[in-house]
Amino acid sequence: MSSVEELFDLAKAARAQAYAPYSRFPVGAALRAENGAAFFGCNVENAAYPLGLCAEASAIAAMVAAGQLRIAEILVLGPGPGKITPCGACRQRIAEFASERTLIYCADDQGQTDSALLSQLLPRSFGPASLA
Ligand code: THU
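Read on for an overview of the structure.

Rules and cut-offs
- Residues numbered from 1 in each chain as written.
- Predicted model: local features only at pLDDT ≥ 70, side-chain atom pairs only at ≥ 80, totals over all residues.
- Heavy atoms only, no water.
- Near = heavy atom within 4 Å.
- Polar contact = N/O pair within 3.5 Å; in protein donor to acceptor, adjacent residues only side chain to side chain.
- Areas by Shrake-Rupley, 256 points an atom, 1.4 Å probe, with all protein chains shown as cover.
- Nonpolar A, V, L, I, M, F, W, Y, C, P; charged D, E, K, R; others polar.
- Helix = DSSP H or I, 4+ residues; strand = E, 2+ residues; numbered from the N terminus.
- Buried < 20%, exposed > 50% of the residue type's maximum accessible area, 1.4 Å probe, protein only.
- Core = buried A, V, L, I, M, F, W, Y, C linked by side-chain atoms within 4.5 Å.
- Pairing = 2+ DSSP bridges.
- Axes fitted to C-alpha atoms, helices over the stretch in contact; angles between N-to-C directions.

1. Details of the site of the ligand
Around the ligand, the neighbouring residues are Ser-23, Phe-25, Val-27, Asn-43, Glu-45, Cys-54, Ala-55, Glu-56, Thr-85, Pro-86 and Cys-87. In the model, an oxygen atom of the ligand is placed 2.5 Å from a nitrogen or oxygen of the Glu-45 side chain. Between the ligand and the protein, one listed contact pairs an oxygen atom with a backbone N or O atom of Ala-55 at 2.9 Å. Its free accessible area being 370 Å², the ligand has 76% of it covered by the protein chains. Residues that form the shell around the ligand fall into these classes: six nonpolar, three polar and two charged.

Given below as structure tokens:
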């Protein structure tokens, strides 16, 4: 199984756990940290709508809780059947832990993926280096 296939399976399992009673738009995300470990998350909504958490945010939180701070690749899976790309806020969240090589995969229900570098999804971004 390829690295991306493994991320797809993890994102699909996470999507099945999504708590999205308000949008009915379940999302799963899975990422591989630079040390090779995989982490995953789902969206977690709230009756106070703005408090909802995106799938990418919960996958990143799991990575950070495990002591990893660099994302090698991250895959996002929407409700299907088509692909979704990370929302603007999640592009910024990914940027915090990304390198020039970080790949973002957008998967459809069949596991077909488009890949893009973060710099393509969030050009001229503001990030940690901006504060240096
Ligand atoms: N959502 C994500 O989890 N990730 C994205 O990149 C796009 C949107 C969630 C947020 C909300 O729970 C639902 O999808 C509808 O916007």
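2. A closer look at the environment of Ala-16
Structurally, the position occupied by Ala-16 is in helix α1 (residues 3–16). Judged by its relative accessible area of 63%, Ala-16 is exposed. Between the C-alpha atoms of Ala-16 and Pro-79, which are 63 residues apart in sequence, the distance is 9.6 Å.

3. Examining the nonpolar core
In this structure, Leu-31, Met-63, Ile-71, Ile-94 and Leu-118 are the most contacted members of the largest nonpolar core, which totals 21 residues. It is helix α2 (residues 55–65) that provides the largest number of residues to this core, a total of four residues. Within the second largest apolar cluster, nine residues are counted, among which are Leu-7, Ala-30, Leu-77 and Tyr-105.

4. So, the sheet that holds strand β3 (residues 71–77)
Strand order in this open sheet of five strands is β2-β1-β3-β4-β5, and the pairing throughout is mixed. Two strands lie at the open edges of the sheet, namely β2 (38–42) and β5 (113–117), each paired on one side alone. On average, adjacent strands in this sheet sit at an angle of 20° to one another, irrespective of strand direction. Pairing between β3 and strand β4 (residues 103–107): five bridges, direction parallel. The residue of β4 that forms the bridge with Ile-74 is Ile-104.

All quantities given are derived from atomic positions and should not be read as evidence of function.
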